[in-house]
Amino acid sequence: MEHPLTTSELSARKQTIARHFSQASQYDKHAHIQQQVCQHLLMAIDNTNQDSVLEIGAGTGQLTQLLAAYVQSERWCINELCEQQATHLQELLPQAQILIGDAETMDLGGEHSLVISASAIQWFDNPLSFIAQSASRLKPNGQLLLSTFTPDNFLQIKTLTRQGLRYPDISEWQSALDQAGFRHIKLSTQRFNVPFAQPYDVLKHMKMTGVSTNQTHSRQTIGEQTSNTQPFVWTKTRLQAFERDYWQQFSGIDEDDQPCVYLTYDVLMIDARLP
């Protein structure tokens with residue numbers, strides 16, 4: 001049975017994020033690392049028979065589609081920021097309640113046996129608050145399973161542009177999980193160094209996966225910059241310096257013995273249960 005669509009209002013920043021991702025029409029074609037991460041999350045699910053599953057930040061439905069084929073659940077709640085994805089997500093899981101809006105501020109209900117999220121919560125205004133929110137949404141012995149990124153994620157971009165999100169480190173996540181009452185906590189990292197033929201291809205890849213290298217995506221920028229500084233704008237001079245410095249600092253040889261540059265994805269996996 002199809003549920004009515006539930007939506008919530010977005011802040012200006014979240015509207016900007018939603019717009020960037022809505023414009024990433026080739027996301028699935030380019031989001032190879034995210035797809036691998038979804039597979040890892042799927043294999044970490046303790047029980048394929050669930051009472052109620054809440055997915056946060058479903059995006060194009062990479063994880064949603066895998067969940068639909070792998071997990072049996074009496075109830076499905078699928079949250080996503082971009083309203084444009086609602087129809088597609090409903091097609092993937094016709095029985096699901098689609099909740100369009102900001103997962104930090106909207107009512108996503110409680111009493112779920114599994115709360116799961118893939119490569120989404122780093123866009124939150126306060127990612128660590130997601131842990132306490134998840135604890136309030138889970139049943140006893142419920143599982144929280146999510147992926148995000150470490151401070152080393154996109155280290156090349158941060159080094160060269162001093163732009164990007166602030167990612168909490170592992171100790172911060174551990175503390176948040178402990179304080180929220182989670183037990184059986186497993187934190188693990190996996191690094192992917194993805195080769196590209198040239199620095200411009202890195203920027204193109206990031207755009208295709210909904211990531212902006214300028215400041216509009218982050219309330220927390222790198223170094224001494226704040227949200228009050230001027231937005232980062234690519235100029236011809238800045239782009240030339242970026243390409244030159246990228247080759248000098250982050251070049252290598254790919255599997256075909258061709259010169260390349262690397263972009264680092266540093267993934268953090270969080271697996272925890274409530275008592």
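The numbering scheme is per chain: residues are counted from 1 as the chain's sequence reads. Reporting of local features is limited, given that this is a predicted model, to residues whose pLDDT is at least 70; pairs of side-chain atoms are given and counted only at 80 or more, and all residues count toward the totals for whole chains, interfaces and linings. In computing side-chain values, all of the structure's heavy atoms are included and hydrogens and water are not.

Caption draft 1: Layout of the overall build of the protein chain. For helices the rule is a DSSP run of H or I covering at least 4 residues; for strands it is a run of E covering at least 2, with both sets numbered from the N terminus onward. Scanning the protein chain from N- to C-terminus turns up 10 helices and nine strands. With a 1.4 Å probe rolled over the protein chains alone, any residue whose accessible area is under 20% of its type maximum counts as buried; one over 50% counts as exposed, and the rest are partly exposed. Put simply, the protein chain has 275 residues, and 51% of those count as buried. Accessible areas in this description were obtained via Shrake-Rupley with a 1.4 Å probe; residue shielding takes into account the shown protein chains only. Accessible area for the protein chain stands at about 13200 Å²; split by element, carbon and sulfur atoms hold 47% of it.

Caption draft 2: Just the confidence of the model for the protein chain, in detail. When pLDDT is averaged along the protein chain, the result is 87; 84% of the residues meet or exceed 70. Confidence per residue, as judged by the predictor, is encoded in pLDDT with a range of 0 to 100. Contacts are residue-level and defined by heavy atoms, with any inter-residue pair within 4.5 Å sufficient. Here residues 214–229 scores under 50 on pLDDT; set against residues more than four positions off or in separate chains, the count is 47 contacts.

Caption draft 3: Just the packing of helix 3 (residues 32–43) against helix 4 (residues 62–70), in detail. Whenever a helix is involved, its axis is fitted only over the stretch in contact; in every case the axis is a line through C-alpha atoms, and angles between N-to-C directions fall within 0 to 180 degrees. Running from N to C, helix 3 and helix 4 cross one another at 30°; their axes reach a closest spacing of 9 Å. In terms of crossing hand, the pair formed by helix 3 and helix 4 is right-handed. Along its contact with helix 3, which presents Q34, Q35, C38, Q39, L41, L42 and M43, the element helix 4 presents Q62, L63, L66, L67 and Y70. A breakdown of the residues in the contact of helix 3 with helix 4 according to their chemical character gives eight nonpolar, four polar and no charged. Each crossing gets its hand from how the near helix is turned against the far one by less than a right angle, where anticlockwise is left-handed and clockwise is right-handed. Gly is placed with the polar residues, together with every amino acid not listed as nonpolar (Ala, Val, Leu, Ile, Met, Phe, Trp, Tyr, Cys and Pro) or charged (Asp, Glu, Lys and Arg).

Caption draft 4: Local environment of the nonpolar core. Think of a nonpolar core as a cluster: buried Ala, Val, Leu, Ile, Met, Phe, Trp, Tyr and Cys residues, connected wherever their side-chain atoms sit within 4.5 Å. Judged by nonpolar contacts, the single largest core of 46 residues is most densely connected at I116 and L263. Look past the residues within four positions of I116 in its chain and what remains in contact with it is L41, I45, V53, L54, E55, I56, L63, L67 and L145. Among the nonpolar cores identified, the runner-up in size contains 24 residues, and I56, A135, A176 and I270 belong to it.

Caption draft 5: Representation of the pattern of salt bridges in the model. In what follows, salt bridge is the name for a side-chain nitrogen of Lys or Arg lying within 4 Å of a carboxyl oxygen of Asp or Glu. In this structure the tally under the stated criterion is six salt bridges. The residue D46 makes a salt bridge to R273 at a minimum N-O spacing of 2.7 Å. On the criterion of sequence distance, the pair formed by D46 in the loop between helix 3 and strand 2 (49–56) and R273 in strand 9 (residues 259–273) is long-range, its members being 227 residues apart. Residue D46 is classed as partly exposed on the basis of its relative accessible area of 48%. In this structure, the salt-bridge partner of R166 is E172, at a minimum N-O distance of 3.0 Å.

Caption draft 6: How the structure looks around the packing of aromatic side chains. Pairing of aromatic rings covers Phe, Tyr and Trp, the last counted by its six-membered ring, and requires centre-to-centre distances within 6.5 Å; plane angles under 30 degrees mean stacked, over 60 mean edge-to-face, and any other angle means tilted. This model, assessed by the stated rule, comprises seven aromatic pairs. Note on F154 and Y265: the rings are 5.1 Å apart at their centroids and 70° apart in plane angle, and the pair reads as edge-to-face. On the criterion of sequence distance, the pair formed by F154 in the loop between strand 6 (138–149) and helix 7 (155–161) and Y265 in strand 9 is long-range, its members being 111 residues apart. Ring plane angle 75° and centroid distance 5.6 Å describe the contact between Y246 and F250, whose orientation is recorded as edge-to-face. With a gap of four residues between them, Y246 and F250 both fall in helix 10 (residues 236–250), about one helical turn apart. In this structure Y246 comes out as buried when scored by relative accessible area, which is 0%. Accessibility expressed as a relative area gives 13% for F250, which makes it buried. Here the aromatic cluster, defined as three or more aromatic residues joined through ring pairs, consists of F149, F154, Y167 and Y265.

Caption draft 7: Here's a closer look at the environment of L114. The residue L114 is located in strand 5 (residues 112–118) in this model. With residues near it in sequence (within four places) discarded, L114 still touches I45, Q50, S52, V53, L54, L138, Q143 and L145.

Caption draft 8: Expanded view of helix 8 (residues 170–179). Those residues of helix 8 that fall on the buried side of the exposure criterion are W173, A176 and L177. Along helix 8, the residues classed as buried sweep out an arc of 100° about the axis, all on the same side. The inward-facing, buried residues of helix 8 abut helix 6 (129–137), strand 6, strand 7 (183–196) and strand 9. Taken from the residues just after helix 8, G181 is the one with a positive phi, measuring 90°. Within this analysis, the arc is defined by the directions that extend from the helix axis to the C-beta atoms.

Caption draft 9: Spatial organisation of the pairing of strand 9. Where burial is concerned, most of strand 9 is hidden: 13 out of the 15 residues are buried. Following DSSP output, two strands are said to pair if at least two bridges run between them. Sheet topology note: the strand 6/strand 9 ladder contains seven bridges and is antiparallel. Its bridge partner lying in strand 9, L145 is registered against D271. Pairing geometry for strand 8 (residues 251–253) and strand 9, over three bridges, is antiparallel. Along strand 9, the bridge assignment pairs I253 with P259. Between strand 8 and strand 9, which pair antiparallel one after the other, the connecting turn spans five residues, and D257 there sits at a positive phi close to 60°.

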